[in-house]
Amino acid sequence: MEPHKTGLKPTCREVHRLVSEGMDRDLSFIERTRMRLHLMVCDACTRFNGQMSLLRTAMRRFPLDAPDAGPAPLDDEHEHRRP
């Protein structure tokens, strides 16, 4: 951790980085604590954290061995329209 980022409340930018890094590695106790303190007071970062968790869950449920079906077919009404 950089020396100038030792305060208790990290910036939103740092929390976004910690949320992302937390998906790839275990955060230290201090990193987790600082992030949780920030999430207690910042609705935007709390939403970001929830969105990242949702994406992670969705990707874990995505079947990797499913054949690529390609794009969904258009119904007759959309096939005849021109943009």
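Chains are numbered independently. Their residues run from 1 in the order of the written sequence. Only residues with pLDDT of 70 or above have their local features reported here, since the model is predicted, and side-chain atom pairs are shown and tallied only from 80 upward, although totals for entire chains, interfaces and linings are computed over all residues. The side-chain numbers reported here are obtained from all heavy atoms of the structure, hydrogens and water having been left aside.

(A) Region of interest: the overall build of the protein chain. The helix count covers DSSP runs of H or I at least four residues long, the strand count covers runs of E at least two residues long, and both are numbered beginning at the N terminus. A tally of helices and strands in the protein chain yields 4 helices and 0 strands. Along its sequence from the N terminus, the protein chain presents helices and strands in the succession α-α-α-α. Each residue's exposure class comes from its accessible area (1.4 Å probe, protein chains only) as a fraction of the maximum for that residue type: buried when under 20%, exposed when over 50%, partly exposed otherwise. Counting across all 83 residues of the protein chain, residues that qualify as buried make up 18%. It only takes one pair of heavy atoms within 4.5 Å for two residues to be counted as in contact. Restricting to contacts in the protein chain with at least 6 residues of sequence separation, those with at least 24 account for 67%.

(B) Looking closely at the environment of Arg56. Here Arg56 is to be found in helix H3 (residues 43–61). Exposure remark for Arg56: the relative accessible area of 31% places this residue in the partly exposed category. For the pair Arg56 and Met23, spaced 33 residues apart in the sequence, the C-alpha separation amounts to 8.2 Å. Look past the residues within four positions of Arg56 in its chain and what remains in contact with it is Gly22 and Met23.

(C) Quick look at the packing of helix H2 (residues 29–41) against H3. Their axes nearest at 6 Å, the elements H2 and H3 cross at an angle of 115 degrees. Where H2 crosses over H3, the handedness of that crossing is left-handed. Across the interface between the two elements, His38, Leu39 and Val41 of H2 pack against Asp43, Cys45, Thr46 and Asn49 of H3. When residue character is reported, Ala, Val, Leu, Ile, Met, Phe, Trp, Tyr, Cys and Pro are called nonpolar, Asp, Glu, Lys and Arg charged, and the others, Gly included, polar. In terms of residue class, the contact of H2 with H3 is built from 3 nonpolar, 3 polar and 1 charged. All axes are obtained by fitting lines to C-alpha atoms, using only the stretch in contact for helices, and the reported angles, taken between N-to-C directions, cover 0 to 180 degrees. Should the near helix be turned anticlockwise from the far one by less than a right angle, the crossing is termed left-handed; should it be turned clockwise, right-handed.

(D) Summary view of the state of the cysteines. Cysteine sulfur atoms are paired as a disulfide whenever they come within 2.5 Å of each other. Going through the model one piece at a time under the given rule, you end up with 0 disulfides. Of all cysteine sulfurs, the one in Cys45 lies closest to Cys42, which takes part in no disulfide; the gap is 3.6 Å. Here Cys42 falls in the buried class, since its relative accessible area comes to 12%.

(E) Fine view of helix H1 (residues 12–22). Within H1 the residues assigned to the buried category are Glu14, Val15, Leu18 and Val19. In an axial view of H1, the angular spread of the buried residues amounts to 140 degrees, which keeps them on one side of the axis. Against the buried residues of H1 lie H2 and H3. In this description, the arc belongs to the directions extending from the helix axis to the C-beta atoms.

(F) Spatial organisation of the confidence of the model for the protein chain. Of the residues in the protein chain, 67% have a pLDDT of 70 or more, and the chain-wide mean is 79. Across residues 78–83 the pLDDT falls below 50, and counting only partners more than four positions away or on other chains, this stretch makes 1 contact in the model. Per-residue confidence from the predictor is given as pLDDT, running between 0 and 100.

(G) Quick look at the nonpolar core. The term nonpolar core refers to a set of buried residues drawn from Ala, Val, Leu, Ile, Met, Phe, Trp, Tyr and Cys, joined through side-chain atoms within 4.5 Å. By size, the foremost hydrophobic cluster in this structure holds 10 residues: Val15, Leu18, Val19, Leu27, Met35, Leu39, Cys42, Cys45, Phe48 and Met52. Only H1, H2 and H3 provide two or more residues apiece to this core. Among residues more than four places away in sequence, those in contact with Leu18 are Leu27, Glu31 and Met35.

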